[in-house]
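The residues making up each chain are set out below.
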Amino acid sequence: IFDEYITKCRINKKIDFDDMLIWCRNLLIDNEEILYKYRRRYKYFLVDEFQDINDVQYEVLMLLAGDDRNVFVVGDDDQSIYGFRGSKPELMQRFMNENETCKVIDLFRNYRCAECIIDVAGSLINQNKNRISKKQVASKENKEDGHVYVKIFSNATLEGEYVVDTVLNM
């Protein structure tokens, strides 16, 4: 299937997202003139959702940033959801290690969830030892706000039925 996909891409003169990234990286590595052209043109870089980048994207960013390293990243390694397509939240830690002068601004206040939800989520997330340590604080301090229910189901169908029933009976 993959070979057929590659053949169809070539016949139709198309590239996919992975090709785009790899070709961009290779172009910057193989052609210093182009690399320096874009370094001169773009002096500052902002990357949002940094926890969802992959190795090639990281490499392109560092190539473009050069020695100046005028890079501002925003992300939360606990919120990475694109591992299935190669994202690596551990690149946030690598970025901090490779750029020792970077300043970390921790946005620790959560304005969405009640304290009990933040506490339960934190106790679960803290089980992951490969993460940047952080503490969330709920802005909603009312102990009566929010509820956490733990239910165990033997299969996904029973779980789905419970969710539907719960929503319909609200």
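Just so you know, these numbers come straight off a predicted model, no measurement behind them. (Residues numbered from 1 in each chain as written. Predicted model: local features only at pLDDT ≥ 70, side-chain atom pairs only at ≥ 80, totals over all residues. Heavy atoms only, no water.)

Asks: Before we go on, may I ask you to explain the side chain of serine 87 in this structure?
Replies: Positionally, serine 87 belongs in the loop between strand S2 (71-73) and helix H5 (90-98). Taking relative accessible area as the criterion, serine 87 reaches 8% and is therefore assigned buried. Polar contacts involving the side chain of serine 87 include one to the main-chain carbonyl oxygen of tyrosine 82, which spans 3.0 Å. Leave out the neighbours within four places in its chain, and serine 87 touches Gln51, Asp52, Ile53, Asn54, Ser80 and Tyr82. (Helix = DSSP H or I, 4+ residues; strand = E, 2+ residues; numbered from the N terminus. Buried < 20%, exposed > 50% of the residue type's maximum accessible area, 1.4 Å probe, protein only. Polar contact = N/O pair within 3.5 Å; in protein donor to acceptor, adjacent residues only side chain to side chain. Contact = heavy atoms within 4.5 Å.)

Asks: What's the story with the nonpolar core in this structure? I'm lost.
Replies: Note on soluble globular proteins: their nonpolar side chains tend to be buried together. Residues Phe50, Tyr58, Leu61 and Val71 are the most contacted members of the largest nonpolar core, which totals 20 residues. Elements with a minimum of two residues in this core: helix H2 (17-30), strand S1 (45-47), helix H4 (55-65) and H5. The biggest single contributor to this core is H4, with 8 residues. When neighbours within four sequence positions are excluded, tyrosine 58 is seen to be in contact with Phe50, Ile53, Leu91, Arg94, Phe95, Glu98 and Asn99. (Core = buried A, V, L, I, M, F, W, Y, C linked by side-chain atoms within 4.5 Å.)

Asks: What is the right way to look at a nonpolar patch on the surface in this model?
Replies: On the surface, a cluster of nonpolar side chains totalling about 490 Å² of accessible area is made up of Ile15, Phe17, Met20, Ile22 and Trp23. Judged by relative accessible area, tryptophan 23 falls into the exposed class, the value being 53%. (Patch = residues over 30% accessible without salt bridge, like charges linked within 9 Å, V, L, I, M, F, W, Y side chains within 5 Å. Areas by Shrake-Rupley, 256 points an atom, 1.4 Å probe, with all protein chains shown as cover. Salt bridge = Lys/Arg side-chain N within 4 Å of Asp/Glu carboxyl O.)

Asks: Just to check I follow, could you spell out the side chain of asparagine 54 for this structure?
Replies: For asparagine 54, the position within the fold is in the loop between S1 and H4. Ignoring sequence-local partners within four residues, the contact set of asparagine 54 consists of Leu21, Arg85, Gly86, Ser87, Lys88 and Leu91.

Asks: Help me out: how do you make sense of the pattern of salt bridges in this one?
Replies: As a working rule, side chains carrying opposite charge can pair if their charged atoms are close by. With the rule as written, the count across this model stands at 7 salt bridges. Across the pair lysine 134 and aspartate 76 runs a salt bridge whose closest N-O atoms are separated by 3.4 Å. With a gap of 58 residues between them, lysine 134 in the loop between helix H6 (115-125) and strand S4 (137-140) and aspartate 76 in the loop between S2 and H5 connect regions that are remote in the sequence. Notably, a salt bridge pairs lysine 134 with aspartate 77, separated by 2.6 Å at the nearest N-O pair. Note that lysine 134 is positioned in the loop between H6 and S4 and aspartate 77 in the loop between S2 and H5, a separation of 57 residues in sequence. Of the two residues examined, lysine 134 and aspartate 77, each falls in the buried class. In this structure, a network of salt bridges that share partners links the residues Asp76, Asp77, Asp78, Arg131 and Lys134.

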